[in-house]
Structures are given as structure tokens and as C-alpha cells.
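# Structural overview
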Amino acid sequence: MPDLTEGVTRFRRDVYPAKAELFAELAATHRPTTLFISCSDARVVPELITQSEPGELFVIRTAGNLVPAHTPGSDGVAASIEYAVAVLGVTDIVVCGHSACGAMTALAENHDLTAAPAVADWLRHADASRARVTAETGEREVDALVRENVRAQLANLATHPSVARALAARTLTLHGWVYDIPTGTVEELDATGRTATLVA
Ligand code: ZN
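Residues numbered from 1 in each chain as written. Predicted model: local features only at pLDDT ≥ 70, side-chain atom pairs only at ≥ 80, totals over all residues. Heavy atoms only, no water.

Counting its secondary structure elements, the protein contains nine helices and six strands. Against the globule reference of 16 Å for 200 residues, the protein gives a C-alpha radius of gyration of 18 Å, in line with a compact fold. Projected onto the principal axes, the alpha-carbon positions of the protein cover approximately 50 × 45 × 35 Å. Among the 200 residues that make up the protein, the fraction classed as buried is 36%. Sequence separation of 24 or more characterises 62% of the internal contacts of the protein that already satisfy a separation of 6 or more. Counting every atom, the protein has about 11,200 Å² of accessible surface; 56% of that belongs to carbon and sulfur. Of the side-chain charges in the protein, 16 are positive and 25 negative, and the distance between the mean point of each set is 2 Å. (Helix = DSSP H or I, 4+ residues; strand = E, 2+ residues; numbered from the N terminus. Rg over C-alpha atoms; globule rule 2.2 N^0.38 Å. Buried < 20%, exposed > 50% of the residue type's maximum accessible area, 1.4 Å probe, protein only. Contact = heavy atoms within 4.5 Å. Areas by Shrake-Rupley, 256 points an atom, 1.4 Å probe, with all protein chains shown as cover. Lys, Arg positive; Asp, Glu negative; His and termini not counted. Charge placed at Lys NZ, Arg CZ, Asp CG, Glu CD.)

Spelled out as C-alpha cells, the structure:
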């Protein structure tokens, strides 16, 4: 992976020195204000989209930006959510879907996932979204599903005890975003998930 090692070389040579003060501070401080949950898709880069510095975003990335609803058992996603909210005290959580999402496309177009059973199983966390999406006003089903899925994952988030407590205490705000790859625009969804306004 020569590209990556060359990248590390450039980082240490060109980037790190310019931010040495920040990294020195971050060595002993971890106080992100936002939990950013996005898809694992390589084209979605939370820090780039939001122009955030190291230390500002606590990031969880999953296939399809899915957030399983809380269950008695623990998993990596639940633990990361709890840590961000209950320990780090983030004030905002963004669930960010995106255009041309492979996970949402697979669902919308009923792709055969028998060769990827773990993916098929994981995508069941989007079952509710899929059930709610109907053919509407000319919008492509995959675009509708991307939006509905963001809304559904916000609802799933709220089932996590740490999130529910922070919402009740009004110390936490949830946001649903959709990033459009070809235009670079970001829309924020309203509570219904059907109306969106440009974030900036
Ligand atoms: Zn995706």
C-alpha cells in the first residue's frame, strides 16, 4: 500500500508540523462536541465535508450508516454511542446518509446478497425504513430510502439509554443529514425525513 505510506510521509512532513500545537494539546485532551455517524463508503469523509479539525468529531461509520436499536446485548456501535454521549458528553449527533449509497441501493433494488450473508443480515436494521418507503412523487426509490433510513436511524439512536437520558435533559440534539456526492451539498432533514433544507 505505497499510497498510504507515502501519505504518512507527507502528513509527518507537511501537515503535522503546522498543527503541532493542536496535536500537543490533543495528546492529553479528548473533548469532541459532535458524534458523527456516517456510512463506511470511501466517498463520504466526515472531517472533509464539515472541515473539522482533529479532536472535533467522534466518528462511527457503518455500512449504510445504520444504528441498531438498543438491545440488552452490547456491541461496538452501542458502546461507541454510549461513550460519546455519557462519557464525552457530546452535544450533537449527526446521522449522515449519502447519495448512491451501496447499502440502500442493494435494498431498494433487491440485490442478491447470498454471497454476502453478513451484509444481508446487517441490512435488516433498515427493514423499517424500507417498509415505509413507497413510490412517491417521482423520487427515485433509492433516494427516498436514503432519507427515510436516516430518519429511522435517528429513531433507533433514541432507544439507547444514554441518548434517551441526554434528550430528556435537553443536553443533546439529533440531526439527520444527507450528503450528495456529485454536488457536495448537504441537506438537513426535518423530523418527518421528507423535507430537507441545505445545511449551508
Ligand atoms: Zn453508503
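It is worth spelling out the side chain of Asn65 at this point. Tracing the sequence through the fold places Asn65 in the loop between strand 2 (57-62) and helix 4 (76-87). In contact with Asn65, other than residues within four places in its own chain, are Ile37, Ser38, Cys39, Val95, Cys96, Gly97, His98, Asn149, Val150 and Gln153.

What follows covers the coordination of the zinc ion. Protein-derived ligands of the zinc ion are Cys39 (SG), His98 (NE2) and Cys101 (SG), with the metal-ligand distances lying across 2.0 to 2.2 Å. Read in sequence order, the donor residues for the zinc ion give the motif C-x58-H-x2-C. Taken as a pair, Cys39 in strand 1 (residues 34-39) and Cys101 in the loop between strand 3 (92-98) and helix 5 (102-108) lie far apart in primary sequence, 62 residues in all. Using a relative accessible area of 1% as the deciding quantity, one classes Cys101 as buried. (Donors = N, O, S within 2.8 Å, 3.2 Å for Na, K, Ca; no water.)

With that settled, consider the domain arrangement of the protein. According to the domain assignment, the protein consists of domain 1 (1-29) and domain 2 (31-198). Relative to domain 2, the C-alpha centre of domain 1 lies at a distance of 29 Å. Contacts between the two partners involve five residues from domain 1, matched on the other side by four residues from domain 2. Summed over both partners, the interface of domain 1 with domain 2 comes to about 350 Å²; 65% of that surface belongs to carbon and sulfur atoms. The largest per-residue losses of area from domain 1 upon contact with domain 2 belong to Lys19, Leu26 and Thr29, which jointly make up 72% of the total buried on that side. At the boundary of domain 1 with domain 2, the tally comes to one salt bridge. (Domains from an automatic or database assignment. Buried area = accessible area lost by both parts, 1.4 Å probe. Salt bridge = Lys/Arg side-chain N within 4 Å of Asp/Glu carboxyl O.)

This part takes up the side chain of Ser162. With respect to the helices, strands and loops of the structure, Ser162 is situated in helix 9 (residues 161-168). The exposure class of Ser162 is buried, given its relative accessible area of 6%. Discounting chain neighbours no more than four positions away, the residues touching Ser162 are Ile81, Glu82, Val85 and Ala86.

On to the layout of surface pockets. The computed volume of the largest pocket comes to approximately 160 Å³. In terms of lining residues, the largest pocket is bounded by ten residues, among which Ser99, Arg147, Val178, Asp180 and Glu187 are the most central. Only helix 8 (141-157) and strand 4 (173-179) provide two or more residues apiece to the lining of the largest pocket. With three residues, the single largest contributor to the lining of the largest pocket is helix 8. Along the lines of polarity and charge, the residues of the lining of the largest pocket split into three nonpolar, two polar and five charged. (1 Å grid on protein atoms, 1.4 Å probe; cavity = no way out; pocket = protein on both sides within 12 Å on 5 of 7 lines; lining within 4 Å. Points joined across faces, edges and corners; volume = space filled by probe spheres on them. Nonpolar A, V, L, I, M, F, W, Y, C, P; charged D, E, K, R; others polar.)

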